[in-house]
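Read off the chains here:
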Amino acid sequence: MTELRVYLMVENLQPQFAAYLSSPTRARGYPPVQGQHSLIIEVAPGLAIERVIDLALKSVPDVEPGILFVERQFGVLELHSSDLAALKRAGQAILEGIKSKSADQLRPRVLYTDVIEDITDQHAVIINRNREASMVMPGETLLVCEMVPALFAAVAANEAEKVAPENTLVNVQMIGAAGRLYISGPTAGVVRARDRIAEVLQAIEGRSH
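Everything numeric in this text was worked out from a predicted model, so none of it was measured.

For the chain, the domain assignment lists domain 1 (3-104) and domain 2 (109-203). Relative placement of domain 1 and domain 2: their C-alpha centres are 23 Å apart. The interface of domain 1 with domain 2 comprises 22 residues on the first partner and 20 residues on the second. In this assembly, domain 1 packs against domain 2 so that about 1,700 Å² is buried in total across both faces, 64% of it on carbon and sulfur atoms. Seen at the junction of domain 1 and domain 2, the total is nine residue pairs in polar contact (both at pLDDT 80 or more). Going through the elements one at a time, strand E1 (3-10), helix H1 (15-22), strand E2 (37-44) and strand E3 (64-70) are the ones with two or more residues in the side of domain 1 that touches domain 2. Residues of the side of domain 1 that touches domain 2, tallied by class, amount to 13 nonpolar, four polar and five charged.

Within helix H2 (residues 49-59), burial applies to Ile 49, Val 52, Ile 53 and Ala 56. Viewed end-on, H2 has its buried residues packed into an arc of 90°, placing them on one side of the element. Facing away from the buried side of H2, by more than 90 degrees, are the exposed residues Arg 51 and Lys 58. On its buried face, H2 sits against E2, E3, strand E4 (75-81) and helix H3 (84-97).

About the criteria used
Residues numbered from 1 in each chain as written. Predicted model: local features only at pLDDT ≥ 70, side-chain atom pairs only at ≥ 80, totals over all residues. Heavy atoms only, no water. Domains from an automatic or database assignment. Contact = heavy atoms within 4.5 Å. Buried area = accessible area lost by both parts, 1.4 Å probe. Polar contact = N/O pair within 3.5 Å; in protein donor to acceptor, adjacent residues only side chain to side chain. Helix = DSSP H or I, 4+ residues; strand = E, 2+ residues; numbered from the N terminus. Nonpolar A, V, L, I, M, F, W, Y, C, P; charged D, E, K, R; others polar. Buried < 20%, exposed > 50% of the residue type's maximum accessible area, 1.4 Å probe, protein only. Arc of directions from axis to C-beta.

Have a look at this one:
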């Protein structure tokens, strides 16, 4: 019995989030690029993700897997394509194969969110020590957001970038016990990002069991 935990269609990947997904520590398969579309799925038990990817690739061989990850309890798959219809067909093949509906996914829940204005230089340094690329700068405003299941951080990051592309996507943690986002920039842009994240997660919650 395969439990569908997360089924996310992330349309029109934004430049920063696409680059994040394409980094070697994430996309160990085929890296996505800006403007493509992504389907991100999480199932339990973890090894059931191997059946999930088999269903997708045999149904629509042209879609590309970027992330295939089996953690302690769950399996995660990211597929992407420039053809949204093809990606949806692959998703439908997965749902039919595991006898689930997209609405069966878990509801997202925000555990914590905060907007911290005028970050100090010491605060910026200690955050950036753990980053591999984009950094928060002293004096900027920082948005931190934590949610479950963790993969909802993916759609939150991409939607936040759509409404405020001037922000910096400092970090996305989308696999594990909880998802976490660090987004920095001018206060107005950070607030727009926060509000868009709340809006999109509420919409998904309304469509989920």
